[in-house]
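Structural description and commentary
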Amino acid sequence: MLKIKDDVDLKELGFEKEDDDFIYQDDVGLCCQDDRIIYFGNISGFHIDQDNHLDRLYDLIQAGLVEKVEE
């Protein structure tokens with residue numbers, strides 16, 4: 001599994017969540033919860049762009065913001 005590192009501010013990366021929600025999501029549909037495990041989805045009416053999921057994930061990995069964790 002891939003996880004956004006703990007010391008990274010999700011809001012600075014463009015991840016948002018509704019006050020009553022437990023899912024963070026960015027503008028292309030990458031999601032994570034408080035455990036920061038990355039997955040694809042469409043929660044709470046956020047707009048998703050399936051063509052850009054992998055590009056966004058690649059950019060996060062290249063920037064050193066993602067780590068691989070065991071299940």
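Presented here is a report on the structure given in the accompanying data block. Only a predicted model underlies this, so the values are computations on that prediction, with no experimental measurement involved. (Residues numbered from 1 in each chain as written. Predicted model: local features only at pLDDT ≥ 70, side-chain atom pairs only at ≥ 80, totals over all residues. Heavy atoms only, no water.)

**Considerations on the environment of tyrosine 39**
Tracing the backbone through its elements, the reader meets tyrosine 39 in strand 4 (residues 39-40). Sequence-wise, tyrosine 39 and lysine 3 are 36 residues apart; in three dimensions their C-alpha atoms are separated by 9.1 Å. Leaving out residues up to four positions away in the same chain, tyrosine 39 has contacts with Ile23, Gly29, Leu30, Cys31, Cys32 and Gln33. (Helix = DSSP H or I, 4+ residues; strand = E, 2+ residues; numbered from the N terminus. Contact = heavy atoms within 4.5 Å.)

**Remarks on helix 1 (residues 53-62)**
In an α-helix, one turn spans 3.6 residues; hence positions three or four apart end up facing the same way. Taken together, the buried positions of helix 1 are His53, Arg56, Leu57 and Leu60. With its buried residues spanning 100° around the axis, helix 1 presents them on a single face. For helix 1, exposure combined with an orientation more than 90 degrees from the buried face picks out Leu54 and Gln62. Structurally, helix 1 contributes buried residues whose contacts are with strand 1 (2-4), strand 3 (30-32), strand 4 and strand 5 (66-68). Note on helix 1: the residue one or two positions beyond its end, glycine 64, has a positive phi of about 75°. (Buried < 20%, exposed > 50% of the residue type's maximum accessible area, 1.4 Å probe, protein only. Arc of directions from axis to C-beta.)

**A closer look at a negative patch on the surface**
Together, Glu16, Glu18, Asp19, Asp20 and Asp27 line one region of the surface with negative charge. Looking at where aspartate 27 falls in the secondary structure, it is placed in the loop between strand 2 (24-25) and strand 3. Residue classification places aspartate 27 among the exposed positions, given a relative accessible area of 57%. (Patch = residues over 30% accessible without salt bridge, like charges linked within 9 Å, V, L, I, M, F, W, Y side chains within 5 Å. Areas by Shrake-Rupley, 256 points an atom, 1.4 Å probe, with all protein chains shown as cover. Salt bridge = Lys/Arg side-chain N within 4 Å of Asp/Glu carboxyl O. Lys, Arg positive; Asp, Glu negative; His and termini not counted. Charge placed at Lys NZ, Arg CZ, Asp CG, Glu CD.)

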